[in-house]
Structure formats: C-alpha cells, structure tokens
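This is what each chain is made of:
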Amino acid sequence: LSLALQRGDFAHTNLTPRDVKIMRDIYGPNLGDLKGKTKRGRPTTTDVEYVDTATREQQSLEEDIMFVEGIPFFVSLSTPLGL
C-alpha cells in the first residue's frame, strides 16, 4: 500500500505512506496475510508401542459409554491383556 501511494496509483486521496506506517504500528500486521503466508509445520511423530496379543488365556471384555460434556466416548477394559 505504501509503495502504491508513493507511485501515485491512488488518485484523489489524502493518504501518505507515513499514514500507512502509523496504521500498521497501531493495528499490527494484516492477519489474513500472515495466515495465508505462514507455512504449516511438520506434525510431530508418535511412538508406537506394539503389544503381543497372542495369548491362550480366558479373557473378559468390559465396555461402557462415558459422556463428557455431552460427547460420548467408548471405554473398554480387557483382562488379562490390560488394554
């Protein structure tokens, strides 16, 4: 915007490049420009833990539905695997 004002691209205006600098000092940078120009970072990796599930024991599975702030979650407990 400052460059366009210096070149005279806007006719019949009282704005100066100094006015644009003062505006940026007061309001900060344009958030739309920042969000559009900011690159998305690489997601963090997750460590995977493998569990040996090949067992020949009697097992039981208990399950329930738990609500947190109206959002349902399925909760289960398997023994003796402990998952």
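Reference entry: report on the structure contained in this document. (Residues numbered from 1 in each chain as written. Predicted model: local features only at pLDDT ≥ 70, side-chain atom pairs only at ≥ 80, totals over all residues. Heavy atoms only, no water.)

**A short note on the overall build of the protein chain**
- Across its full length, the protein chain carries three helices and two strands.
- For the protein chain, the N- to C-terminal ordering of α and β elements is α-α-α-β-β.
- Per-residue burial for the protein chain yields a buried fraction of 6% across its 83 residues.
- Within the protein chain, contacts between residues at least 6 apart in sequence are counted, and of these 11% link residues at least 24 apart. (Helix = DSSP H or I, 4+ residues; strand = E, 2+ residues; numbered from the N terminus. Buried < 20%, exposed > 50% of the residue type's maximum accessible area, 1.4 Å probe, protein only. Contact = heavy atoms within 4.5 Å.)

**A closer look at the pattern of salt bridges**
- This structure, assessed with the given rule, holds two salt bridges.
- Put simply, D9 and R7 hold a salt bridge, and the shortest N to O gap is 2.7 Å.
- When the shortest N-O distance is used, the salt bridge between K21 and D25 registers 3.0 Å. Placement of both K21 and D25 in helix α2 (residues 17–27) is noted, with a separation of four residues, approximately one turn of the helix. (Salt bridge = Lys/Arg side-chain N within 4 Å of Asp/Glu carboxyl O.)

**Notes on the pairing of strand β1 (residues 60–68)**
- Looking at chain direction, β1 and strand β2 (residues 71–79) are connected through nine bridges and run antiparallel. Counterpart to V68 in the pairing with β2 is I71.
- As consecutive antiparallel partners, β1 and β2 are separated by two residues, and within that stretch E69 has a phi angle of approximately 55°, a positive value. (Pairing = 2+ DSSP bridges.)

**Some details on a nonpolar patch on the surface**
- Residues M66, V68, I71, F73 and V75 make up a contiguous nonpolar surface patch of about 420 Å² in total accessible area.
- Sort the elements by how many residues they give to the nonpolar patch and β2 lands first, with three residues.
- Within the fold, V68 resides in strand β1. (Patch = residues over 30% accessible without salt bridge, like charges linked within 9 Å, V, L, I, M, F, W, Y side chains within 5 Å. Areas by Shrake-Rupley, 256 points an atom, 1.4 Å probe, with all protein chains shown as cover.)

**Some points on the environment of S2**
- Checked against the element boundaries, S2 lands in helix α1 (residues 2–7).
- Residues S2 and D19, 17 residues apart in the sequence, show an inter-C-alpha distance of 8.7 Å.
- Not counting the four nearest positions on each side in its chain, S2 is found in contact with P17, V20 and R24.

Function cannot be inferred from these measures alone, as they are strictly geometric.
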